[in-house]
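These are the residues of each chain, in order.
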Amino acid sequence: MRSFSALSVLLVLASCSKRASDTLVDTDPPVDTDTVDTDLPDEPGPRGFIGSPCQSDADCPYADSTCIPNANGYPGGMCSQACDEVCPDAEGHPVTFCVADGALPAEAPTLGDGACHSRCDFGFFPESGCRAGYGCARVPRANQSGTELYACLPGEGDVLPSCYYELGAAGVRFEPTVIPDRSPADHPELTCHVEDPIILRPPLHNVDVLTTAGQSVGLSGSCALGHALSDTVLDARKHGATALFHLGTLNCRVIAGTSSLSEHGNGTAIDIWGVELQDGTVYSLEDDWEHDTTMPTQPGGVWLYEAAHRWFDNDYWNILLTPNYNAAHDNHIHADLTPGSDFLGFTDGRYIGPAPYDD
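In this text the structure is predicted, and so the values were computed from the model without any measurement.

Caption draft 1: Highlighting the overall build of the protein chain. Scanning the protein chain from terminus to terminus reveals four helices and 18 strands. Buried positions account for 52% of the 359 residues belonging to the protein chain. Counting only contacts in the protein chain whose residues sit at least 6 apart along the sequence, the fraction spanning at least 24 positions is 61%. If you sum the accessible surface of the protein chain, you get close to 15,900 Å²; carbon and sulfur atoms cover 49% of it.

Okay, here's the thing in structure tokens:
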């Protein structure tokens, strides 16, 4: 057991870092929401930035802004700006997307190659991902027709899987996204396919979900992964956790030493490194898991052992592999949603042991 701040945890897996295109843009332009017109329609959601309601440019107090009015087919008006590929982001607002001009409604004004819109975000708009009068539409990026994401455009938008609406109702902030099928570099015969892909935006239920470097980054994976992780975090919070550390989710690769596709390749797995409690104590699989015993005695070992059993017994995950499984899992619990599986990892006699409570 060690007691220290989450931000001081050592980085153990550099591959957890996200590409800039999948995460929040670093540029956070100042937004003076005090200047926003108070006569705007009373509707939920943030004001004064891209995607927000407006009646004039004055309601969009950021650089190079423009208000696309209701008369142009944008209900309640919408703050935007011209773009040729990317758009700025701002704290407290949905991530943005530069929608190609040709994908905009016929009534929309031409701002150039594209116009900035907010991305579909069920954290800000849990019922539909967009403000009233707008829907999640899969659209191409300006000057990058091969890159598509879900942005909020006037109208009903596309029909989305029910999993998305259920995850939004569960209080999880996420964005529907597009993740094309691909193959591991060393196994072109295999296909990594993510069903109902999302980008989950921590924190989750007021629990930080962090890399081992203490970074809060978007987690890419399936909608089903979002539900499982939501349940896991709620359980960890109930038992005193304020942060959960992980080694990554989506990674198109095979299981080490095999030619079988890892569930990481399908976005249905996460490697959990440890947790931080309210007093700053960090329990990690690397330092606190007690090997070769079914009766751990130290606080960290007990917490992690019992958590693994709860997460399995409550059916959050179909497979859980702990450090008792093999040496490759000495520093994490691998949790995945392999269809048809029901397995709390053991092999070569290295069973995790019985649950420490009555079934």
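Having seen the model, we can carry on.
Caption draft 2: Geometry of the pattern of salt bridges. Under the criterion given, the structure shown has five salt bridges. The shortest N-O distance in the salt bridge between Arg138 and Glu148 comes to 2.7 Å. Note that Arg138 is positioned in strand β7 (residues 134-141) and Glu148 in strand β8 (residues 144-154), a separation of ten residues in sequence. Arg138 sits in the partly exposed class, given a relative accessible area of 43%. For Glu148, a relative accessible area of 29% gives the class partly exposed. Put simply, Asp235 and Arg310 hold a salt bridge, and the shortest N to O gap is 2.9 Å. Pair noted here: Asp235 is in helix α2 (residues 223-238) and Arg310 is in helix α4 (residues 299-313), with a separation of 75 residues, a long-range link. The pair Asp235 / Arg310 is uniform in exposure class, with both members buried. Three or more residues are tied together by salt bridges with common partners; here these are Arg119, Glu175 and Arg201.

Caption draft 3: Structural view of the side chain of His205. Following the sequence through the fold, His205 ends up in the loop between β10 (197-200) and β11 (208-211). A polar contact is formed between the side chain of His205 and the side chain of Ser230, at a distance of 2.7 Å.

Caption draft 4: Focus on the environment of Ala213. Along the polypeptide, Ala213 turns up in the loop between β11 and β12 (219-222). According to the relative accessible area criterion, Ala213 is partly exposed, its value standing at 23%. Considered as a pair, Ala213 and Phe245 are 32 residues apart in the sequence and their alpha carbons are 8.8 Å apart.

Caption draft 5: Focus on the sheet that holds β12. An order of β9-β10-β12 is seen for the three strands of this open sheet, with the pairing classed as antiparallel. The sheet is open, and its two edges are formed by β9 (174-176) and β12, each paired on a single side. Mean inter-strand twist for the sheet, computed between neighbouring axes without regard to direction, equals 30°. Across three bridges, the pairing between β9 and β10 is antiparallel.

Caption draft 6: Quick look at α2. In this model, α2 (16 residues) spans 23 Å end to end at C-alpha, consistent with the 22 Å of a helix rising 1.5 Å per residue. With its phi angle positive at about 95°, Gly240 sits one or two positions after the end of α2.

Caption draft 7: Expanded view of unusual backbone geometry. A cis amide bond links Pro202 to the next residue, Pro203, at an omega of 0°. Along the polypeptide, Pro203 turns up in the loop between β10 and β11. One non-glycine residue, Asp196, adopts positive backbone phi at about 50°. Its place among the elements puts Asp196 in the loop between β9 and β10. What makes Asp196 partly exposed here is its relative accessible area of 21%. You will see that Asp315, though not glycine, has its phi angle at about 65°, which is positive. Inspection of the secondary structure puts Asp315 in the loop between α4 and β16 (319-321). Since its relative accessible area comes to 59%, Asp315 is described here as exposed.

Caption draft 8: The arrangement of the state of the cysteines in detail. Under the definition given, this model contains eight disulfides. What pairs with Cys87 in a disulfide is Cys116, and their sulfur atoms sit 2.0 Å apart. Handedness here is read from the sign of the S-S torsion; for Cys87 and Cys116, about -100°, the answer is left-handed. Pair noted here: Cys87 is in the loop between β4 (82-83) and β5 (96-100) and Cys116 is in strand β6 (residues 114-118), with a separation of 29 residues, a long-range link. What pairs with Cys130 in a disulfide is Cys152, and their sulfur atoms sit 2.0 Å apart. Since a negative S-S torsion denotes a left-handed disulfide, the Cys130-Cys152 link at about -85° is left-handed. Placement of the pair is Cys130 in the loop between β6 and β7 and Cys152 in strand β8, with a sequence separation of 22 residues.

The rules we used
Residues numbered from 1 in each chain as written. Predicted model: local features only at pLDDT ≥ 70, side-chain atom pairs only at ≥ 80, totals over all residues. Heavy atoms only, no water. Helix = DSSP H or I, 4+ residues; strand = E, 2+ residues; numbered from the N terminus. Buried < 20%, exposed > 50% of the residue type's maximum accessible area, 1.4 Å probe, protein only. Contact = heavy atoms within 4.5 Å. Areas by Shrake-Rupley, 256 points an atom, 1.4 Å probe, with all protein chains shown as cover. Salt bridge = Lys/Arg side-chain N within 4 Å of Asp/Glu carboxyl O. Polar contact = N/O pair within 3.5 Å; in protein donor to acceptor, adjacent residues only side chain to side chain. Pairing = 2+ DSSP bridges. Axes fitted to C-alpha atoms, helices over the stretch in contact; angles between N-to-C directions. Expected span 1.5 Å × (residues − 1). Disulfide = S-S within 2.5 Å.

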